[in-house]
Amino acid sequence: MVTPAVKRSAVAHASKTHGVSERRACAILGADRSMVRYRSRRSDEALIRERLRAIANERRRFGFRRLGILLQREGIVMNRKKLLRLYREEGLAVRRRSGRKRALGTRAPMVVPDGPNQRWSLDFISDAFTDGRRFRILCVVDDFSRECLTLVADTSLSGARVARELDQVIAKRGRPQTIVSDNGTELTSMAILHWSQDRGIDWHYIAPGKPTQNAFVESFNGRL
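Notes on the structure in this doc start here. Model, not experiment: these values are computed from the prediction.

## Remarks on the nonpolar core
Membership of the largest hydrophobic core comes to 37 residues, with the highest contact counts inside it found for Leu122, Leu138, Val162, Leu166, Ile179, Trp195 and Trp203. Apart from the residues within four sequence positions on either side, valine 162 is in contact with Leu122, Phe124, Leu138, Leu187 and Ile192. In terms of nonpolar packing, the next biggest core, distinct from the first, is built from 7 residues, Val11, Ala25, Cys26 and Val36 among them.

Structure follows, in structure tokens:
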């Protein structure tokens, strides 16, 4: 199958080499003149591609939908088809791997807080009842004051539930600038990404296997 680009090139070659008009060259090659004269109206995507690659490098286990949410936070809005096209053309598809999937955190260094509500840390701990049923506890700690802001225990704690619990804490304590957590599935869910975007709160993910990057809440977990 001859593509439009090949036909345009052939018409241009025939007009230049043999001195025939564009109309006659199109008639000979069976090409429509509107196709030959078409010029792409696509805007320059270099800056969008550069930012998409940068964010994908920071959060390497995020798919195109989650990357699209992060781009929207920076004012870069596009429809799903364009986002998916750029995502594929840049070769950013997440590789499948065996075992538990974890989203890599950002690589930006964290600043030590010098006041309350600058940074909160989140983590889960788990235990079991005497009958063997498992339960989990969500711990939220202010990294400056070392104060435990809330403890939520339940047999199931989804991303949406975590968002609701954080809203209750914010209603009493005010909004933090940054929240730090590991890469658990509840904390990298679409519910949390949408929540942090709507609240204007920066969410920082630690690197997998590096609990020391979330040392304040890990220390609290040990005491708890």
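Let us keep going from here.
## Structural notes on the sheet that holds strand β5 (residues 202-205)
Strand order in the open sheet made by the 5 strands is β3-β2-β1-β4-β5, with mixed pairing throughout. Of all the strands in the sheet, the pair left with one neighbour each is β3 (148-154) and β5. For this sheet the average axis-to-axis angle between neighbouring strands, irrespective of direction, equals 20 degrees. Along the sheet, helix α9 (residues 215-223) makes contact with β1 (119-128), β2 (134-142) and β3, crossing β1 at roughly 35 degrees.

## Things to note about the pairing of β3
With 6 bridges joining them, β2 and β3 adopt antiparallel strand pairing. When the sheet's bridge partners are listed, arginine 136 is paired in β3 with aspartate 154. Counted along the chain from β2 to the antiparallel partner β3, the turn is 5 residues long, and its residue arginine 146 has a positive phi close to 65 degrees.

## Description of the packing of helix α7 (residues 159-173) against helix α8 (residues 190-199)
Between α7 and α8, the shortest axis-to-axis distance is 8 Å and the interhelical angle comes to 30 degrees. When the axis of α7 is compared with that of α8, the two are roughly parallel. Residues Gly159, Ala160, Val162, Ala163, Leu166, Asp167 and Ile170 of α7 touch α8, and the partners they reach there are Ala191, Ile192, Trp195 and Arg199. Residues belonging to the contact of α7 with α8 are distributed by class as follows: 8 nonpolar, 1 polar and 2 charged.

## Some thoughts on the packing of aromatic side chains
Summed over all chains, the structure comprises 5 aromatic pairs. Centre to centre, the rings of phenylalanine 62 and tyrosine 205 are 6.0 Å apart; their planes meet at 75 degrees, and the pair counts as edge-to-face. Within this pair, whereas phenylalanine 62 is found in the loop between α4 (46-58) and α5 (64-73), its partner tyrosine 205 is found in strand β5, the two being separated by 143 residues in sequence. Tyrosine 205 matches phenylalanine 62 in its accessibility class, with the two residues each being buried. Ring plane angle 35 degrees and centroid distance 6.4 Å describe the contact between tryptophan 203 and tyrosine 205, whose orientation is recorded as tilted. Here the two residues tryptophan 203 and tyrosine 205 agree in accessibility, since each one is buried. Every member of this aromatic cluster is reached through a ring pair, and the members are Phe62, Trp195, Trp203 and Tyr205.

## A few points about the packing of α4 against α5
Across the interface, α4 lies against α5 with an axial gap of 10 Å and an inter-helix angle of 115 degrees. The chirality of how α4 crosses α5 is right-handed. Residue-level contacts link Arg51, Leu52, Ile55 and Ala56 of α4 to Leu67, Leu70 and Leu71 of α5. Its residues assigned to classes, the contact of α4 with α5 shows 6 nonpolar, no polar and 1 charged.

## Some thoughts on the side chain of arginine 161
Looking at the element boundaries, arginine 161 is found in helix α7. On the basis of relative accessible area, arginine 161 is assigned to the buried category, the value being 18%. In this structure the side chain of arginine 161 is engaged in a polar contact, spanning 2.8 Å, whose partner is the side chain of aspartate 154. A polar contact of 2.9 Å, which involves the side chain of arginine 161, links it to the side chain of glutamate 165. Contacts of arginine 161, omitting those with residues within four sequence positions, involve Val152, Asp154 and Ser156.

Cut-offs applied
Residues numbered from 1 in each chain as written. Predicted model: local features only at pLDDT ≥ 70, side-chain atom pairs only at ≥ 80, totals over all residues. Heavy atoms only, no water. Core = buried A, V, L, I, M, F, W, Y, C linked by side-chain atoms within 4.5 Å. Buried < 20%, exposed > 50% of the residue type's maximum accessible area, 1.4 Å probe, protein only. Contact = heavy atoms within 4.5 Å. Pairing = 2+ DSSP bridges. Helix = DSSP H or I, 4+ residues; strand = E, 2+ residues; numbered from the N terminus. Axes fitted to C-alpha atoms, helices over the stretch in contact; angles between N-to-C directions. Parallel < 35°, antiparallel > 145°, perpendicular 65-115°, else oblique. Nonpolar A, V, L, I, M, F, W, Y, C, P; charged D, E, K, R; others polar. Phe/Tyr/Trp six-rings, centres within 6.5 Å; stacked < 30°, edge-to-face > 60°. Left-handed = near helix turned anticlockwise from the far one by under 90°. Polar contact = N/O pair within 3.5 Å; in protein donor to acceptor, adjacent residues only side chain to side chain.

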